[in-house]
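Geometric and topological summary
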Amino acid sequence: MLFINTRPSDRAANLTQALQTAQIPVIELPLLELVQQPYTDELASLFRQLPQAKLIVVVSPTAAQMGMQYLQQAGLSLHDLGSVQWVAVGKATERALASYGIQSYVPDVETSEGMLQLPVLQQLATGSTVAFWRGEGGRQFMMQHLKDQQIHILNFILYDRQCPPVTSEILAKHLTSLEANPRYAVLVSSEASWLNWLALMQPYPHLINRALYLVLGPRLTAMLGEYQQQHQAGFQFAQLEDLSGSTILQQLLMY
């Protein structure tokens, strides 16, 4: 089955290689790219408050890289954050933090819901401060959940997320191939990527319905289920627990 790898260009290669090794044809169609935000007075103010945080939640390798860059720009060092604990959304982010000598907690399921199951988050005292290194629009559910628990949030928006301009060109190049495939699979790893996919495919509703969507986590799965009911859509979808090549290959072999 043809697989549409929608991961950002800098994160797509390992998954593409794993699937191609298993004789799965792959089209790389990135639905998100991350554009760094400038270092503003607002960010400077947030970094000054960072040593007060109990936890720093880092939502991507990009967030780790940009956060560390701006930490230095703010005149702070990791020594200044010696009492702070770190949470990484997944293994790739964990590795990015480890490259700076930081140990982090990682959920079994690489989603907001998975992170909220971590004991280090469940055991937070009322009034504790949690910092989020994230992109525009990301992790709203998780932050709201913590706010409801009377947790103080430091909201570091380090980058914007957008659909890459080149994606429409890639789609045009492969449109004939998609039309020729009676069935193909599409990776949906975030709400933003799902919305970008729908916008991109608006002229081709039949291609939306032809896909099998491999969806990361229960909240996105529920979102696709609601869309399917509201639009009487004919597509299928299956939930992923992580984005590893072995997990995705296992799902593909079931269909």
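Residues numbered from 1 in each chain as written. Predicted model: local features only at pLDDT ≥ 70, side-chain atom pairs only at ≥ 80, totals over all residues. Heavy atoms only, no water.

Focus: the overall build of the protein chain
In plain terms, the rule: Runs of E in the DSSP output that reach at least two residues are strands. Runs of H or I that reach at least four are helices, and both are numbered from the N terminus. To get the radius of gyration, use the C-alpha atoms; to get the globule rule, take the number of residues to the power 0.38 and multiply by 2.2 Å. Burial classes: relative accessible area under 20% of the type maximum marks a residue as buried, over 50% as exposed, and values in between as partly exposed (1.4 Å probe, protein chains only). What makes two residues a contact is simply this: any of their non-hydrogen atoms within 4.5 Å. Method for areas: the Shrake-Rupley scheme with a 1.4 Å probe, in which residue coverage is limited to the protein chains shown.
Of the regular secondary structure elements, the protein chain holds 12 helices and 10 strands. Its C-alpha atoms give the protein chain a radius of gyration of 19 Å, near enough to 18 Å, the size a compact globule of 255 residues would have. Projected onto the principal axes, the alpha-carbon positions of the protein chain cover approximately 55 × 30 × 30 Å. In the protein chain, which comprises 255 residues, the share counted as buried stands at 49%. Considering only intrachain contacts with a sequence separation of at least 6, the fraction spanning at least 24 residues in the protein chain is 69%. Carbon and sulfur atoms form 47% of the exposed surface of the protein chain, whose accessible area is close to 12300 Å².

Some details on the pattern of salt bridges
Basically, it comes down to this: A pairing counts as a salt bridge when a side-chain nitrogen of Lys or Arg comes within 4 Å of a carboxyl oxygen of Asp or Glu.
Enumeration over the complete set of coordinates arrives at two salt bridges. One salt bridge connects Glu 113 with Arg 219, and the closest N-O pair in it is separated by 3.2 Å. In this pair, Glu 113 is assigned in helix α5 (residues 112-116) and Arg 219 in helix α11 (residues 218-231), connecting sequence segments 106 residues apart. With a relative accessible area of 18%, Glu 113 lands in the buried category.

Topic: the layout of surface pockets
The following threshold applies: Of the two site types, the cavity is a set of points on a 1 Å grid over the protein atoms alone where a 1.4 Å probe fits but cannot get out, and the pocket is an open set with protein on both sides within 12 Å along at least five of seven lines, each lined by residues with an atom within 4 Å of a point. Grid points are joined across faces, edges and corners, and a volume is the space filled by probe spheres set on the points. Nonpolar residues are Ala, Val, Leu, Ile, Met, Phe, Trp, Tyr, Cys and Pro. Charged residues are Asp, Glu, Lys and Arg, and all others, Gly as well, are polar. By convention here, the domain bounds are inherited from an automatic or database domain assignment.
By volume, the largest pocket is sized at about 1200 Å³. Considering the residues around the largest pocket, the lining is formed by 45 residues, among which Arg 7, Arg 11, Ser 189, Leu 216 and Leu 243 are closest to the centre. Those elements giving two or more residues to the lining of the largest pocket turn out to be α1 (13-21), α4 (91-98), α5, α7 (140-148), β7 (152-162), α9 (191-200) and α11. Partitioned by chemical class, the residues of the lining of the largest pocket number 16 nonpolar, 17 polar and 12 charged. Residues from two domains meet in the lining of the largest pocket; each of domain 1 (2-32 + 164-254) and domain 2 (35-161) gives at least three.

What about the pairing of strand β5 (residues 85-88)?
Quick reminder of the rule: The criterion for strand pairing is that DSSP finds at least two bridges linking the strands in question. The path from the first strand over the helix to the second decides the hand: if it runs clockwise while the strands point away from the viewer, the crossover is right-handed.
Bridge count between strand β4 (residues 55-58) and β5: four bridges; the pairing is parallel. When the sheet's bridge partners are listed, Val 57 is paired in β5 with Val 87. This β-α-β element, β4 to helix α3 (residues 61-73) to β5, shows right-handed connectivity.

Let's talk about the domain arrangement of the protein chain
To keep it simple, the criterion reads: When two components associate, each loses some accessible surface as probed by a 1.4 Å sphere; the sum of these losses over both components is called the buried area. Pairs of N or O atoms are called polar contacts if they sit within 3.5 Å, as long as, within protein, a hydrogen donor faces a hydrogen acceptor (for residues adjacent in sequence, only side-chain-to-side-chain pairs).
As far as domains go, the protein chain holds domain 1 (2-32 + 164-254) and domain 2 (35-161). Taking only C-alpha atoms, the centre of domain 1 and the centre of domain 2 are 28 Å apart. On the side of domain 2, 11 residues touch domain 1, which itself brings 11 residues to the contact. Carbon and sulfur atoms supply 56% of the area that domain 1 and domain 2 bury against each other, a total of about 820 Å² over both sides. Interface area lost by domain 1 to domain 2 is led by Arg 11, Arg 219 and Glu 241, which between them contribute 51%. At the boundary of domain 1 and domain 2, one finds one salt bridge. Inspection of the region where domain 1 meets domain 2 yields two residue pairs in polar contact (both at pLDDT 80 or more). When the residues that make up the side of domain 1 that touches domain 2 are grouped by side-chain class, the tally is four nonpolar, two polar and five charged.

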